[in-house]
Amino acid sequence: MHRFLLTPRWWGINVFVALAVPFCLFMGSWQLGRFEDRVATHREASAERPAGEAAAPLASLLPVDKKTSGRLASVSGEYADQLLVPERRLDGKDGYYVLTLLRTDSGKAVPVVRGWLPGAADAGRAPAAPTGRVEVTGALQASETSTSKGVYSRGGLPAGQLGVISAASLVNMVPYELYDAWLTVQTPADGLTPVPAQAPTNTGLDLKAFQNLGYTGEWFVFVAFVLFMWFRLYRREVEALRDAEAGLLPADAAPAPARSAASDGGDGGPQVTASARPAE
């Protein structure tokens with residue numbers, strides 16, 4: 001009855017199932033692991049920093065990663081060029097950042113967002129930065145890209161304005177080297193509103209995270225589908241053989257026999273296949 005499982009066609013089906021099931025299970029587990037990693041990083045990024053956490057030197061926190069993003073960094077130097085970052089929303093209102101380059105003792109400059117003001121970008125309203133040597137403490141942030149949320153990436157901004165806060169955007173605007181990071185002051189003065197630190201990229205429960213969860217379900221559904229199709233083919237084959245043995249199928253519709261009609265069968269007697277035509 002089950003000799004058909006040893007035919008070449010069924011060997012191919014069985015090998016495919018034997019390879020497809022563990023592969024789908026592996027891919028489903030991998031996607032689930034990706035989702036769990038995003039959940040863990042989301043919890044870490046959204047967890048509040050200890051109130052008494054001391055600021056660390058800027059150089060010790062670079063390059064910015066998921067662990068150092070949002071950490072308080074301290075750096076000394078003198079303020080230089082000041083720029084405005086337009087079309088930045090805060091608490092549901094339109095406004096702009098006041099960004100000033102801080103030239104550090106190392107000779108490099110770090111962009112410092114000193115705060116936010118409502119309305120259209122206006123250099124006349126932005127307070128001037130303190131003069132002389134200053135000590136700045138702010139939340140460390142990774143450089144933005146053109147795909148970062150809330151950035152102005154269309155270009156065509158007037159002089160003195162910046163759309164994307166990054167060393168790549170500033171390199172042609174200032175004549176000195178830049179750190180690939182920026183700071184946002186949490187206790188600004190001069191009537192500026194503090195700009196909260198943003199969570200690092202790829203750490204939130206965003207669309208990508210739920211895509212990983214959806215792919216997990218798809219891979220496990222594939223496993224169930226492969227097993228279901230194998231069982232369905234197997235059951236149809238068995239039912240066809242039983243119908244043929246009972247004479248319910250014509251010979252040309254019955255499955256091909258696994259062996260020849262005449263064989264010793266191991267018991268010394270001849271065997272008759274189920275495909276023999278009934279006598280007229």
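Every chain begins its residue count from 1, and numbering advances along the sequence as written. In keeping with the predicted nature of the model, local features appear solely for residues at pLDDT of at least 70, side-chain atom pairs appear and are counted solely at 80 or more, and the whole-chain, interface and lining totals rest on all residues. To obtain the side-chain values, all non-hydrogen atoms of the structure were used and water was disregarded.

**Re the pairing of strand 6 (residues 181-184)**
Just so we agree on the cut-off: Here the term buried applies to any residue with accessible area under 20% of the maximum for its type, exposed to any over 50%, and partly exposed to those in between, with areas from a 1.4 Å probe on protein chains only. Segments assigned H or I by DSSP are reported as helices when at least four residues long, segments assigned E as strands when at least two residues long, and all are numbered from the N terminus. Two strands make a pair as long as DSSP finds a minimum of two bridges between them.
Along strand 6, one buried face is formed by Ala181 and Leu183 and the opposite face, lined by Trp182 and Thr184, is buried too. Note that strand 4 (residues 109-118) and strand 6 share two bridges and pair parallel. Residue pairing for strand 6: Val112 is matched across the bridge by Leu183. Of the pairings in the sheet, the one linking strand 5 (residues 133-142) to strand 6 comprises four bridges and is antiparallel in character.

**Observations concerning unusual backbone geometry**
In this chain, Leu62 is followed by Pro63 through a cis amide linkage whose omega measures -5°. Relative to the elements of secondary structure, Pro63 occurs in the loop between strand 1 (56-57) and strand 2 (72-90). Even without being glycine, Glu87 reaches a positive phi, approximately 55°. Within the fold, Glu87 resides in strand 2.

**A few points about the pattern of salt bridges**
Side chains bearing opposite charge may pair, as long as their charged atoms lie close to each other. Basically, it comes down to this: Each reported salt bridge corresponds to a side-chain nitrogen of Lys or Arg within 4 Å of a carboxyl oxygen of Asp or Glu.
Under the defined criterion, the tally for this structure stands at five salt bridges. In this structure, the salt-bridge partner of Glu237 is Arg9, at a minimum N-O distance of 2.8 Å. Of this pair, Glu237 sits in helix 3 (residues 207-245) while Arg9 sits in helix 1 (residues 8-46); the two residues are 228 residues apart in sequence, bridging distant segments of the chain. With relative accessibility at 14%, the residue Glu237 sits in the buried group. Note on Arg9: relative accessible area 49%, which makes it partly exposed.

**As for the nonpolar core**
The condition is simple: By nonpolar core is meant a set of buried Ala, Val, Leu, Ile, Met, Phe, Trp, Tyr and Cys residues that side-chain atoms within 4.5 Å join together. Note on contacts: a residue pair qualifies if any of its non-hydrogen atoms lie within 4.5 Å across the two residues.
By size, the foremost hydrophobic cluster in this structure holds 18 residues, and its most contacted members are Tyr97, Leu99, Leu101, Val113, Ile165 and Leu178. For this core, the elements supplying multiple residues, two or more each, are strand 2, strand 3 (93-104), strand 4 and helix 2 (167-170). Other than its neighbours up to four places away in sequence, Val113 contacts Tyr97, Val98, Leu99, Ile165, Trp182, Leu183, Thr184, Val185 and Val195. Formed by 16 residues, the second largest nonpolar core is a distinct cluster that contains Leu58, Ala73, Tyr179 and Ala181.

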